[in-house]
Amino acid sequence: MIEVKPYRAEDGIFRIKGERGVDFATFNYTPGEQVYGEKLFESEYGELREWSHNKSKLAATLKNNINLKWLKKSTEVLYLGASSGTTVSHVSDIVNDNGLIYAVEFSPTPMRELIKLSKKRPNIIPILADVRNPEEYTHIVNGVDFIFCDVAQPNQAEILINNSHTFLKPDREALIAVKTKSISQKGDPKDVFNSQAMLIKKSGITEIKSMNISRFHKWHWIFLGKLK
């Protein structure tokens, strides 16, 4: 039997027990509809969607007790590496009617799925662009409250830095999921991550928290920072 407890209920985020591999759920922005085959279940808070930490690096971040205070209701989020929208859909649940997600993806194939998703969820703005060149979407994106960077590129830190300095509001936060093996196949993962973290901090983004989440997402570390 699934047990539901508030986590940040005001932002549509809940803790659940009784579902293997799943610790979180979000309030369903489109009741009765699934996005990627996830389970839906009723609760005293309304219809919820399971949010697995094994499928989402954002959920894995929350599971590691890292508070993402700017990922909340009514905020504007820049999501770099949106893919077909699996985790984007949960961000859509969270920011709800008065928030926006600028979902940037380079590949046309997942972008088609992202566009379909945005037709049902008007708080998602799909952007077909290269995250290495934020100038490609400055005419669409204004200042944002939260950035999530999930791109398996060798220059992951540079991508976060450039987008943060272009779009992130002062005192707001950015999170990057660093895939160390995309940067160096032979280097020690911890050393590779530390080198990326150093680049980010040198750019003026203050570290709030960093952590290894490889037990859920192989070769991944996360870095949460705030723009001065």
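We now turn to the structure provided with this report. These numbers come from a predicted model, not from an experiment.

Conventions used here
Residues numbered from 1 in each chain as written. Predicted model: local features only at pLDDT ≥ 70, side-chain atom pairs only at ≥ 80, totals over all residues. Heavy atoms only, no water. Salt bridge = Lys/Arg side-chain N within 4 Å of Asp/Glu carboxyl O. Helix = DSSP H or I, 4+ residues; strand = E, 2+ residues; numbered from the N terminus. Pairing = 2+ DSSP bridges. Axes fitted to C-alpha atoms, helices over the stretch in contact; angles between N-to-C directions. Expected span 1.5 Å × (residues − 1). Buried < 20%, exposed > 50% of the residue type's maximum accessible area, 1.4 Å probe, protein only. Contact = heavy atoms within 4.5 Å. Polar contact = N/O pair within 3.5 Å; in protein donor to acceptor, adjacent residues only side chain to side chain. Phe/Tyr/Trp six-rings, centres within 6.5 Å; stacked < 30°, edge-to-face > 60°. Lys NZ or Arg CZ within 6 Å of the ring centre and 35° of its normal.

Throughout the structure, instances matching the rule amount to 14 salt bridges. Between Lys116 and Glu113 there is a salt bridge; the shortest N-O distance is 3.5 Å. Of this pair, Lys116 and Glu113 are both found in helix H3 (residues 108-120), three residues apart, which corresponds to roughly one turn of the helix. Connected through shared salt-bridge partners, Glu38, Arg49, Asp93 and Arg121 make up one network.

Our focus in this paragraph is the sheet that holds strand E9 (residues 144-149). Across the sheet, seven strands lie side by side as E8-E7-E6-E9-E10-E12-E11; this open sheet has mixed pairing. Bordering the open sheet on either side are strand E8 (124-128) and strand E11 (205-212), each of which pairs with just one other strand. Taking each pair of neighbouring strands and ignoring which way they run, the sheet shows an average axis angle of 15°. Inspection of the sheet shows strand E6 (residues 76-80) paired to strand E7 (residues 100-105) by five bridges, in the parallel sense. Looking across to E7, one finds that Leu78 is bridged to Tyr102.

In this section: helix H4 (residues 156-167). Spanning 12 residues, H4 covers 17 Å between terminal C-alpha atoms, matching the ideal 16 Å at 1.5 Å per step. Restricting attention to buried positions, one finds in H4 the residues Gln156, Ala157, Ile159, Leu160, Ile161, Asn163, Ser164 and Phe167. Where the residues of H4 are buried, they touch E6, E9, strand E10 (168-179), helix H5 (189-202), E11 and strand E12 (220-227).

Here the focus is the side chain of Asn163. Mapped onto the secondary structure, Asn163 falls in helix H4. Exposure remark for Asn163: the relative accessible area of 0% places this residue in the buried category. A polar atom in the side chain of Asn163 sits 2.9 Å from the backbone oxygen of Ile159. If we ignore the near neighbours within four places in the chain, the residues touching Asn163 are Leu78, Leu80, Val131, Pro134, Tyr137, Ile147 and Leu168.

Taken as a whole, this structure holds six aromatic pairs when the rule is applied. Each ring, one from Tyr7 and one from Phe24, has its centre 5.3 Å from the other, and the planes form 80°; the classification is edge-to-face. Residue Tyr7 is found in strand E1 (residues 3-8), and its partner Phe24 is found in strand E3 (residues 22-27); the two are separated by 17 residues along the sequence. Each ring, one from Phe14 and one from Tyr45, has its centre 4.8 Å from the other, and the planes form 35°; the classification is tilted. Pair noted here: Phe14 is in strand E2 (residues 13-17) and Tyr45 is in the loop between strand E4 (40-43) and strand E5 (46-52), with a separation of 31 residues, a long-range link. On the basis of relative accessibility, which here comes to 2%, the residue Phe14 falls in the buried class. Ring-pair connections join several aromatic residues into one group, and the members of that group are Tyr7, Phe24 and Trp51. One cation-aromatic arrangement involves Arg172 over Trp70; the distance from NZ or CZ to the ring centre is 3.9 Å. Above the face of the Trp219 ring, Lys181 is positioned so that its terminal group lies 4.7 Å from the ring centre.

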